[in-house]
Amino acid sequence: MIARGFKPVAWVAAIGVAALSCYMLSLRVASERAELANLDQRIIAARQAIRSLQTELGTRGRLQQLEQWNADVLALSAPVAGQFVESNVSLARFDTRGPDFGDQQAEVRLASIEAGQAATARAASPAAPRLVLAAARSEQVAKPNRVQPTIQRASLATADRPVAATRAPVGRTAIASVPAVVRQPAAQRPAATRPTVALRNAAAPARSPSLLNDDVLRDLRAEARAERSGGTRN
Amino acid sequence: MASLAAQNERRVLHGDDQQGLTLTYHRLMLVLLLFAGVTTLIVVRLAYLQLFSDHEGAAQLANPLIPPRADITDRNGVALARTIDSWSIGVHPQRVIGDRNLLAQRLHELMPERSAADYRALLSAQTSFTYIARRAVPELVEAINTIGEPGIVFDREPDRLYPQTALAGHVLGWTDFDGRGVAGMERVLEERLVAPALRGQPVALSLDSRVQAALESELSAQVTATSAEGGTGIVLDVDTGEVVAMASAPTFNPNAAGRSSASALYNRATMGVYELGSAFKPITIAAAMDAGVVTSMTQRWDASTPVAVGRHRINDDHPLGRHITVAELLVHSSNIATARIADAMGPARMQAAFRAVGFHEPAHIELRERTRPLWPRDWGRATVMTSGFGHGIAVTPLHLASAYAALVNGGIWRPATLMRVEPGQAAAGRRVYSAQTSRRMRQMLRLIVQRGTGRRGEAPGFRVGGKTGTAEKVSAAGGYNRRVNVSTFAAAFPMDRPRYVVLVMMDAPRGTAETFGLTTAAWTAAPVVSRVISRVGPLLGVIPDANRDIDTSEVMAPIVSSPAPADPATAAH
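The rules behind the values
Positions within a chain are numbered from 1, following the residues in the order the chain's sequence is written. As they are written, the chains are lettered A onward and the ligands numbered 1 onward, keeping that order. The model is predicted, so local features are restricted to residues of pLDDT at least 70 and side-chain atom pairs to those at 80 or more, both for listing and for counting; the totals for chains, interfaces and linings are taken over all residues. Only runs of H or I of at least four residues qualify as helices and only runs of E of at least two qualify as strands under DSSP, and these elements are numbered from the N terminus. Residue burial is a threshold on neighbouring C-beta atoms within 10 Å of the residue's own C-beta, all placed from the backbone, with 20 or more meaning buried, 12 or fewer meaning exposed, and counts in between meaning partly exposed. The contact criterion used is a C-beta to C-beta distance within 7 Å, with each C-beta placed from the backbone. Each nonpolar core reported here comprises buried Ala, Val, Leu, Ile, Met, Phe, Trp, Tyr and Cys residues connected via C-beta atoms within 7 Å. Side-chain classes are defined by residue name, with Ala, Val, Leu, Ile, Met, Phe, Trp, Tyr, Cys and Pro counting as nonpolar, Asp, Glu, Lys and Arg as charged, and the others, Gly among them, as polar. The rule for pairing is simple: two strands pair if DSSP sees at least two bridges between them. Here the axes come from fitting lines to C-alpha atoms, over the contacting stretch only for helices, and the angles between their N-to-C directions go from 0 to 180 degrees. pLDDT is a residue-level measure of predictor confidence that goes from 0 to 100. By definition, any crossing whose near helix is turned counterclockwise from its far helix by less than a right angle is left-handed, and any crossing with a clockwise turn is right-handed. Helix span, expected: 1.5 Å multiplied by one less than the number of residues in the helix. Note that the bend at a residue is defined as the angle between axes fitted to the seven residues ending at it and the seven residues starting at it.

## Notes on the overall build of chain A
And step 1. Across its full length, chain A holds nine helices and zero strands.
And step 2. Traced from its N-terminal end to its C-terminal end, chain A shows the element sequence α-α-α-α-α-α-α-α-α.
And step 3. In chain A, which comprises 234 residues, the share counted as buried stands at 10%.
And step 4. Long-range contacts, defined here as pairs at least 24 residues apart, represent 82% of the contacts in chain A between residues at least 6 apart.

## Here we look at the overall build of chain B
And step 1. Each helix and strand in chain B was counted, giving 19 helices and 16 strands.
And step 2. Counting only C-alpha atoms, chain B reaches 145 × 65 × 50 Å along its principal axes.
And step 3. Per-residue burial for chain B yields a buried fraction of 47% across its 573 residues.
And step 4. By sequence separation, contacts in chain B at least 24 residues apart represent 72% of the contacts at least 6 residues apart.

## Digging into the nonpolar core
Residues and elements named next belong to chain B.
And step 1. Of all hydrophobic cores here, the largest spans 140 residues; its most connected members are Leu236, Tyr404, Val501 and Val502.
And step 2. In terms of residue count, the dominant contributor to this core is helix α13 (residues 335–356) (ten residues).
And step 3. One finds Ile89, Leu107, Leu122 and Leu123 within the second-largest nonpolar core, a separate group that totals twelve residues.

## What about the interface of chain A and chain B?
And step 1. Listed by partner, the interface residues are 25 residues for chain A and 32 residues for chain B.
And step 2. Along the lines of polarity and charge, the residues of the side of chain A that touches chain B split into eight nonpolar, ten polar and seven charged.

## Describing unusual backbone geometry
All names here are of chain B.
And step 1. Cis geometry is adopted by the peptide bond preceding proline 250, which originates at alanine 249 and carries an omega value of -5 degrees.
And step 2. Counting through the fold element by element, proline 250 comes out in the loop between β7 (243–249) and α10 (262–265).
And step 3. A cis geometry characterises the amide bond from phenylalanine 493 onward to proline 494, with omega recorded as -20 degrees.
And step 4. In this structure, alanine 168 is a non-glycine residue whose phi angle is positive, near 55 degrees.
And step 5. Relative to the helices and strands, alanine 168 is located in the loop between β4 (152–161) and α6 (169–172).
And step 6. A positive phi is found at arginine 463, a non-glycine position, where the angle reads about 50 degrees.
And step 7. Considering the arrangement of structural elements, one finds arginine 463 in the loop between α16 (435–451) and β14 (465–474).

## Notes on the sheet that holds strand β6 (residues 230–237) of chain B
All names here are of chain B.
And step 1. Within the open sheet, the five strands sit side by side as β7-β6-β16-β15-β14. Their pairing is antiparallel. Strands at the two margins of the open sheet, each flanked by one partner only, are β7 and β14. Put simply, the sheet's adjacent strands are angled 10 degrees from each other on average, direction ignored.
And step 2. As paired strands, β6 and β7 are joined by six bridges and run antiparallel to one another. Looking across to β7, one finds that glycine 233 is bridged to alanine 247.

## What about the confidence of the model for chain A?
Residues and elements named next belong to chain A.
And step 1. Mean pLDDT over chain A stands at 64; residues scoring 70 or higher make up 46%.
And step 2. In the model of chain A, helix α7 (residues 169–186) stands out as the element of lowest mean pLDDT, 37, in contrast to helix α1 (residues 2–60), which has the highest, 90.
And step 3. The model gives residues 111–209 a pLDDT under 50, and that stretch makes 79 contacts with residues more than four places away or in other chains.

## Some remarks on the environment of aspartate 549 of chain B
Residues and elements named next belong to chain B.
And step 1. For aspartate 549, the location among the structural elements is in the loop between α18 (526–536) and α19 (553–556).
And step 2. Residue aspartate 549 is classed as partly exposed on the basis of its C-beta count, with 14 C-beta atoms lying within 10 Å.
And step 3. Counting along the chain gives 55 residues from aspartate 549 to proline 494, while the straight-line C-alpha distance between them is 8.6 Å.
And step 4. When sequence neighbours within four positions are dropped, the list of residues in contact with aspartate 549 reads Arg463 and Asp496.

## Quick word on the environment of aspartate 343 of chain B
All names here are of chain B.
And step 1. In this fold, aspartate 343 is placed in helix α13.
And step 2. On the basis of neighbour count, aspartate 343 is assigned to the partly exposed category, with 19 C-beta atoms found within 10 Å.
And step 3. For the pair aspartate 343 and glycine 388, spaced 45 residues apart in the sequence, the C-alpha separation amounts to 8.6 Å.
And step 4. Excluding its chain neighbours within four sequence positions, the residues that come into contact with aspartate 343 are Arg381, Val384 and Met385.

## Describing the confidence of the model for chain B
And step 1. Confidence along chain B averages 87 in pLDDT terms, with 92% of residues attaining 70 or more.
And step 2. Counted against residues more than four places away or in other chains, residues 562–573 of chain B, with its pLDDT under 50, gives 29 contacts.

## Section: the packing of α13 of chain B against helix α14 (residues 381–388) of chain B
Residue and element names in this part refer to chain B.
And step 1. Relative to each other, α13 and α14 sit at 115 degrees, their axes nearing to 8 Å. The two elements α13 and α14 meet at a crossing, and its hand is right-handed. Listed contacts from α14 to Thr338, Ala339, Ile341, Ala342, Asp343, Gly346, Pro347 and Met350 of α13 are Arg381, Val384, Met385, Ser387 and Gly388.
And step 2. Split by residue class, the contact of α13 with α14 holds seven nonpolar, four polar and two charged.

## A short note on α13 of chain B
Residues and elements named next belong to chain B.
And step 1. For α13, with 22 residues, the first-to-last C-alpha span of 23 Å runs short of the 32 Å given by 1.5 Å per residue.
And step 2. A maximum bend of about 105 degrees is found in α13 at glycine 346, where proline proline 347 lies one to four positions downstream.
And step 3. Trailing α13 by a residue or two, glycine 358 shows a phi angle of about 75 degrees, which is positive.

## Things to note about the pairing of strand β2 (residues 79–91) of chain B
All names here are of chain B.
And step 1. As paired elements, strand β1 (residues 72–73) and β2 share two bridges and run antiparallel to each other. Paired with isoleucine 72 across the bridge in β2 is alanine 81.
And step 2. Taking the residues between adjacent antiparallel strands as the criterion, β1 and β2 are bridged by five residues, where glycine 77 takes a positive phi near 90 degrees.
And step 3. When β2 meets β4, the two strands line up antiparallel, connected through ten bridges. Counted as the bridge partner of arginine 82 is leucine 161 from β4.
And step 4. Across four bridges, the pairing between β2 and strand β3 (residues 130–136) is antiparallel. Residue tryptophan 87 lies in a different strand from β3, and its bridge partner there is alanine 136.

Shown next as structure tokens:
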């Protein structure tokens, strides 16, 4: 009986709650919309700012201004034919560095590995041609180096020997023995006089591939492609 | 119970009361309708606002990003013309309440370009509104605002800005006070730039701003160095007809076009018609090869004695005194031999040759600032002969550039265009030379740069080929002035697969110590071409290569025994 009496009240309350929640929902939507519109406006303002800043930057950095700066300060000039590298071979021509002390260390390690492999696999015959070849090529490589300042080479030679004498015993004894073995049949030279030279030269050709390995070439190609695609034709 | 009582009361009502009740009902109904009407009105209004106001707001939000006039960019998207909002400062003279003299003095201190008296006159003018300054910087606006004069008002107005200032001013043109294009591409593209549907999209021209900047700087440096009246330069894509750069010196700043002199506003590349001299010879030779007049590279033409025709006498500056091949003709730039070939061609075929490359009509380009060439009225024997080496017929430098593009690109002539051409969308053009003739011309043009008058146009590694042309300018009194020249060098590179024509023309250069007082094309125009090619070649994707070149031995073989001229300057024309 009491429940029936309260029925309209419950109805009113239910409808009130429903209406209120609907209103809240709509209010929520409206506020979201207002926020969105506000954001849109801010985006537009930002775009306008970007545009005006781009214009300002473009005007301040206009080509005539750059040209003037170049004339006054930078003094850059257009690249000439010799500065473009056509192929791997022409790129390798630029590798005219004289070997320095850092290279020496790295080469020693490399050669010792090869010597180790050669020693474990077979004593003389397979290792021999490889190292002979390396030695023979090293002569060719060494020739262009003669253009380099001779002082540098002289200092290297002097720096080399004490190092070899003092701190080589672990790795070097093994290495020094390899050229000694190899050279006797191949070149008939007194190996004992120039073991370090032979070693240094033996590793020299190995440096060329590292200079021009696939990663380097791939990077160069990717850069060239990027430059070309960003160039004038599109 | 209550209802019963009411019924009882209603029953006892009299006639007057009955009437009053009806009236009340009517009034109540009226009030009800009024309320209902107002409510409906409010609901309808709300629904209307809900439905339509949102879209209106969105449209207003999108608008600010679309400029009132579309941007113009170069082929790579670098802005060449933009519309920005700039501050303008105006005054309502009737509403000024401060002391006008003091105000004028303050304005003069802030903006010294006008005198205090001028500002005084502006402030007491009888108009309702006048501008004090347009395109004012914010600092100036702030400073004037602090004066606190209510008669002075500030507003943001759209204004056309050319961020690269004088760059490509002749191509871009400028807009008037109301923002309408009145010259250059601004005028040509007027409809497109203000079309509501399209103005959000920038218009891309064929120009490359980097190439344009290099060409302009080299050209103006040479114009200054040689104290020339002016000069012009064109870089043209031979395969599409796109104008990659077009410069005319002296230049002007389109941001303030009104302050420039008439000479600066004059676009020499399309408005100036000149007798371009020996640069015409390759056109004559190519036409003669296609016509069968020149049959082989070994055929020899008499250049031993001057040709007399009517009262004219055609001579070479440095006579060779023997019979020469066409390759020698071009290398030494012999007028005599060219005149003989033109004579053998005859008036009909010579006219056809020039018509084929459009020398009889205004240059094909979008710009409206262009002039009709001076086409000879009477094609007598003398005209035919002199036209063969570029005298008696005057065309614009752009005509010549288009013709050279056809000479080297395999023989297809295409109209020049300033709009960017998408790959594969180039105009079909028309064949004017055979592919074989074009190949021979490439070899001979390269030979001119290797061994002839064009040696100063060489850019190492770029395989440049081209032809010099030094014509005497017609003086104001009529007749030619030997000392005043129009010096042209028309070149293309790289000659093994030509991609761009570069043409430079110097108008009345004067000799300097560096040129040993000479004003010929070899000393004035060719070095500019060389420098421009060295600078822009890598930008345009042409990599210099000293180990590559076109094989010129086929055309050189017949002349290999003859000595090359000792100095390019000696072969003047």
